[in-house]
Amino acid sequence: MLVKTEIYHLTWFVVFITTSWICATPLWSDDFTITSPDGNVQIKVLLLDQARLGCEMTFKGKAVIEKSPLGVTVDNIDLGRGVKIGKADRYEINETYAWRGVHSTAVNHCNGAKLSLTHAQNKMAYVLDVRVFNEKKNIAAVKTDDWAAPPLTFKLPNNAGYASITESAIINYSGIGLQANGQRSFQVRLGHEVPASYPYILRYKEDDAKRLSAPAAISGTIKTPWRVVLIGADLNTLVNSDIIHNLAPAPDQKLFPEGFATPWLKPGRAVWGYLNNGGRTLEAMKEFSRLAGELGFEYNLVEGHWQRWPESEQKELVDYSNARNVKVIFWKHSRALRDPKTRREFFEHLHKLGVAGAKIDFFDHEAKAIMDLYQACLKEAAEYQLIIDFHGANKPAGEARAWPNEMTREGIRGYEFRGPWAAHNTTLPFTRMLAGHADYTPMHFGDRRTDTSEAHQIASAIIFTSPLLVYAEHPQNILNHAMLVRDEKGNAATVSLVRKRETFGPRPGVIVDTTTVKNNDSFFVELVAGGGFVALLSK
C-alpha cells in the first residue's frame with residue numbers, strides 16, 4: 001500500500017513509515033534508553049502526557065535536550081500523538097572509511113536501536129531509528145521564534161560542554177530551519193515553512209517562492225533525514241566529529257568503484273576571476289590557467305561568460321589548461337538545469353569538451369523540489385565523471401559521502417559579501433563548518449578584507465576546509481605577495497607565499513619576542529590593531 005503524505009513537521013530521528021503490522025505490546029512500560037559506546041551520551045525515548053512520543057538527552061549525566069515531543073504528520077495525522085511502543089532491535093556499528101575534511105579517516109562507532117511504533121488510532125506502523133555516538137552526537141527535538149539556520153551551536157549550562165543542531169541524509173525530503181519561540185527552545189520547520197530568502201525572491205520572483213511554500217507530497221515509504229545533535233565536552237570535539245557523514249549513505253560502487261580514490265575525483269585549489277577583475281575573455285582565462293599552473297593549483301573556475309564563447313573557444317581554453325596540468329570548471333545557473341533533458345545535455349557537453357566539472361549556482365531554498373535537484377545533479381554529473389561545486393546553496397548534510405563528486409558547496413557568508421570579518425571568521429569553524437566543506441572563497445588582500453590582517457587572510461585558506469578550495473585573490477597577486485614571519489632566532493623575515501624568497505632581518509612595526517613554555521603552560525599575545533601573529537614552536 002502506498003501512503004500519500006504531506007509533511008508539516010518532522011521527527012528528530014530517521015523514521016521509516018510502512019504499512020506492515022507490528023506487535024502492539026510494548027517491551028517496556030513508558031520509556032526506552034540507549035547509551036553511547038563510551039557511556040557518556042544517553043538518550044531516552046519516552047511517552048509524555050496522553051501517550052505523546054518524546055525524548056530527552058544527557059551528556060555525562062547533565063541535560064542537553066530536556067523532555068521534548070517528537071512527531072511527524074502524515075495525511076494530517078500526527079503520528080507522534082497516541083503512540084504504542086513495541087519491540088526494539090538493537091545494533092552496533094564500528095567502522096572506518098576514507099574522508100576529506102579535518103582528518104582523512106572517519107570513525108563511525110555507535111550504538112543504535114530501531115523502535116517499532118504504532119499509532120493507536122489508525123494502526124499505522126513505523127520505525128524510529130536512534131543512533132548514539134561517543135561524546136559527539138544524539139538526536140532530539142526543540143522549538144523556536146527567530147529564525148536560525150543549522151548548524152546551530154550553543155554552550156551547555158553548568159559547564160557541561162557544547163552542542164550543535166543540524167541534519168544529515170536529506171533524500172526525497174525537505175531541509176530544515178529552526179524557529180525560536182522565546183522560551184528556551186526551537187521548533188523544527190521544513191523548507192516550505194521557512195521564509196524565502198532575498199536572493200531567491202530576487203532571482204525567481206514571488207510567484208515561484210509561493211509555489212515552494214506548499215507542503216511537499218511523497219508517495220510510498222517515507223524515510224526522513226537524520227535529526228542530529230552533536231555533543232562534546234569542548235568545541236574541538238565538535239570540529240572533529242564524523243557523525244554527519246557517518247549517517248549518510250555510502251557511495252554507489254558502480255559510479256565510484258574506488259570510493260574517494262576513484263581516479264577522476266581530484267580535490268585541489270582553484271583560481272577564480274570574479275572578485276579580482278580577472279577579465280571575461282578567452283585570453284584572460286587562458287592567463288588565469290597559466291598562472292594556476294605556476295602556482296601549482298589544479299583548477300581554473302570560469303564564471304558564466306564561457307557561455308558567450310563559441311564551442312571552439314571553450315575547447316581552446318580546456319586544451320590550453322590541460323597542457324599546464326590545470327583542469328577547468330564551468331559555472332551554470334541552476335534554473336537552467338531543472339529540466340532533465342537540458343541538464344543531461346549540459347553535463348554531456350562538459351564531458352565532451354574535457355571540462356572537469358561544474359559550479360552550479362542559485363539554489364537558495366530548502367524545499368523538497370530544490371533538494372531533489374541537488375541529488376539529480378550529483379547523480380547525473382557522476383555518470384559523466386564531473387565534479388560539482390554548489391553555490392548559492394544550503395549547508396551540506398553528508399551528501400559528499402554518498403556523492404564524492406560533490407567537492408564543495410557554499411551555504412556560508414564569504415568574500416562575495418563585505419565585512420567585517422574578524423569575529424565572523426573566528427566563529428565559523430564551530431558553527432557552519434561543523435556541517436562540512438564550504439565554498440568560502442578565502443584569501444583576499446584588497447579592501448574586502450576590511451578588519452582582518454593579511455596573515456588572517458592567509459590563515460583562512462587553511463582553516464576553512466574544502467576539497468575544492470577556490471581562492472578569491474588574483475593569482476598574479478598571490479605569486480607576488482609576501483608576508484612577515486620570523487626565523488628560529490626570532491628575526492623577522494619576509495617570505496613569498498609561493499616562491500619562498502626569504503630576507504631575514506628586523507622589519508619596522510614588527511615585534512619579535514621569545515617565550516619559553518612548559519607542558520600545560522598558557523601564554524598570551526597582545527595583538528595590535530590590524531596586526532597579525534605568527535609563531536614558530538621548537539623544542
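What counts and how
- Residues numbered from 1 in each chain as written.
- Predicted model: local features only at pLDDT ≥ 70, side-chain atom pairs only at ≥ 80, totals over all residues.
- Heavy atoms only, no water.
- Helix = DSSP H or I, 4+ residues; strand = E, 2+ residues; numbered from the N terminus.
- Buried < 20%, exposed > 50% of the residue type's maximum accessible area, 1.4 Å probe, protein only.
- Contact = heavy atoms within 4.5 Å.
- Axes fitted to C-alpha atoms, helices over the stretch in contact; angles between N-to-C directions.
- Parallel < 35°, antiparallel > 145°, perpendicular 65-115°, else oblique.
- Nonpolar A, V, L, I, M, F, W, Y, C, P; charged D, E, K, R; others polar.
- Polar contact = N/O pair within 3.5 Å; in protein donor to acceptor, adjacent residues only side chain to side chain.
- Patch = residues over 30% accessible without salt bridge, like charges linked within 9 Å, V, L, I, M, F, W, Y side chains within 5 Å.
- Areas by Shrake-Rupley, 256 points an atom, 1.4 Å probe, with all protein chains shown as cover.
- Salt bridge = Lys/Arg side-chain N within 4 Å of Asp/Glu carboxyl O.
- pLDDT = per-residue confidence, 0-100.
- Pairing = 2+ DSSP bridges.
- Expected span 1.5 Å × (residues − 1).
- Bend = angle between axes of the 7 residues up to and from the residue.
- Core = buried A, V, L, I, M, F, W, Y, C linked by side-chain atoms within 4.5 Å.
- Phe/Tyr/Trp six-rings, centres within 6.5 Å; stacked < 30°, edge-to-face > 60°.
- Lys NZ or Arg CZ within 6 Å of the ring centre and 35° of its normal.

### Comments concerning the overall build of the chain
Argument step 1. The number of helices and strands found in the chain is 11 helices and 30 strands.
Argument step 2. Within the span of the chain, comprising 539 residues, buried residues form 52% of the whole.
Argument step 3. Counting only contacts in the chain whose residues sit at least 6 apart along the sequence, the fraction spanning at least 24 positions is 70%.

### Some thoughts on the packing of helix α5 (residues 311–322) against helix α6 (residues 340–353)
Packed helix pairs are specified by the crossing angle of their axes together with the interaxial distance, meaning the distance between the axes.
Argument step 1. Contact geometry for α5 and α6: axes closest at 10 Å, N-to-C directions at 55°. In terms of orientation, α5 and α6 fall into the oblique class. In this structure, α5 uses E311, Q314, K315 and V318 to contact α6, whose residues at the interface are H349, K352 and L353.
Argument step 2. The class makeup of the residues in the contact of α5 with α6 is two nonpolar, two polar and three charged.

### Quick notes on the side chain of T237
Argument step 1. Positionally, T237 belongs in helix α2 (residues 235–239).
Argument step 2. Here D234 takes part through its side chain, which lies 2.7 Å from a polar atom of the side chain of T237.

### A few points about a nonpolar patch on the surface
Argument step 1. Judged by side-chain polarity, V517, F523 and V525 come together as a nonpolar surface patch covering roughly 240 Å² of accessible area.
Argument step 2. Relative to the assigned elements, V525 resides in the segment after β30 (502–504).

### Focus: the confidence of the model for the chain
Argument step 1. Averaged over every residue, the pLDDT of the chain is 86; residues scoring 70 or more account for 85%.
Argument step 2. This stretch, residues 136–144, has a pLDDT under 50; its non-local contacts, to residues over four places away or in other chains, come to 68 contacts.

### Observations concerning the pattern of salt bridges
Argument step 1. For the structure on display, the rule yields 26 salt bridges.
Argument step 2. The salt bridge partner of E303 is K359, with a shortest N-O separation of 3.0 Å. In this pair, E303 sits in the loop between β22 (299–302) and α5 while K359 sits in strand β24 (residues 357–361), placing the two residues 56 residues apart along the sequence.
Argument step 3. One network of salt bridges, in which partners are shared, links E167, R227, E366 and K395.

### Quick look at the pairing of strand β14 (residues 152–156)
Argument step 1. Two strands pair when backbone bridges link them, and β14 and strand β15 (residues 161–168) are joined in this way by five bridges, in the antiparallel orientation. Counted as the bridge partner of L152 is I165 from β15.

### Structural notes on the side chain of R227
Argument step 1. In this fold, R227 is placed in strand β20 (residues 226–232).
Argument step 2. The exposure class assigned to R227 is buried, which follows from its relative accessible area of 0%.
Argument step 3. Polar contacts involving the side chain of R227 include one to the side chain of E167, which spans 2.3 Å.

### Things to note about helix α1 (residues 198–212)
Argument step 1. The end-to-end C-alpha distance of α1, which contains 15 residues, comes to just 14 Å, noticeably less than the 21 Å that a straight helix rising 1.5 Å per residue would cover.
Argument step 2. Maximum bend of α1: about 110°, positioned at K205.
Argument step 3. For α1, the set of buried residues is Y200, Y204, D208, A209 and L212.
Argument step 4. The elements touched by buried residues of α1 are β23 (327–333) and α7 (368–383).

### Brief notes about the sheet that holds strand β27 (residues 468–470)
Argument step 1. Within the open sheet, the seven strands sit side by side as β26-β25-β24-β23-β22-β21-β27. Their pairing is parallel. Here the strands that pair on one side only, and so sit at the sheet edges, are β26 (406–409) and β27. Strand-to-strand, the axes of this sheet are offset by a mean angle of 25°, without reference to chain direction.
Argument step 2. Looking at chain direction, strand β21 (residues 268–272) and β27 are connected through three bridges and run parallel. Bridge pairing links G268 to L468 in β27.
Argument step 3. Across the face of the sheet, α5 comes into contact with β22 and β23 while running at roughly 145° to β23.

### Observations regarding the nonpolar core
Side chains that are nonpolar tend, in soluble globular proteins, to be buried together.
Argument step 1. Membership of the largest hydrophobic core comes to 122 residues, with the highest contact counts inside it found for V64, F330, F347, I360 and F390.
Argument step 2. The biggest single contributor to this core is α7, with eight residues.
Argument step 3. Listed in part, the 12 residues of the second largest apolar core include I93, V228, L238 and L247.

### Observations concerning the sheet that holds strand β6 (residues 62–69)
Argument step 1. Pairing is antiparallel in the open sheet, where four strands are placed in the order β3-β4-β5-β6. Looking at strand neighbours, the two that pair on one side only are β3 (31–35) and β6, the edges of this open sheet. Ignoring strand direction, the axes of neighbouring strands in this sheet form an average angle of 15°.
Argument step 2. Across five bridges, strand β5 (residues 53–59) lies against β6 in antiparallel orientation. Looking at β6, one finds that T58 is bridged to A63.

### A few points about the packing of aromatic side chains
Argument step 1. On inspection of all chains with the given rule, the structure shows 18 aromatic pairs.
Argument step 2. For the pair W331 and F362, a centre-to-centre distance of 5.9 Å together with 75° between the ring planes defines the contact as edge-to-face. Here W331 is found in strand β23, whereas its partner F362 is found in the loop between β24 and α7, with 31 residues between them in sequence.
Argument step 3. You can call F362 buried: its relative accessible area is 17%.
Argument step 4. Ring geometry for Y440 and F464: centres 4.5 Å apart, planes at 50°, overall tilted. Separated by 24 residues along the polypeptide, Y440 in the loop between α9 (422–427) and α10 (454–463) and F464 in the loop between α10 and β27 bring together distant segments of the chain. As far as the burial class goes, Y440 and F464 line up, both buried.
Argument step 5. One aromatic cluster is present, formed by W306, F330, F346 and F347 through successive ring pairs.
Argument step 6. Taking NZ or CZ as reference, R324 lies 3.6 Å from the ring centre of Y320, over its face.

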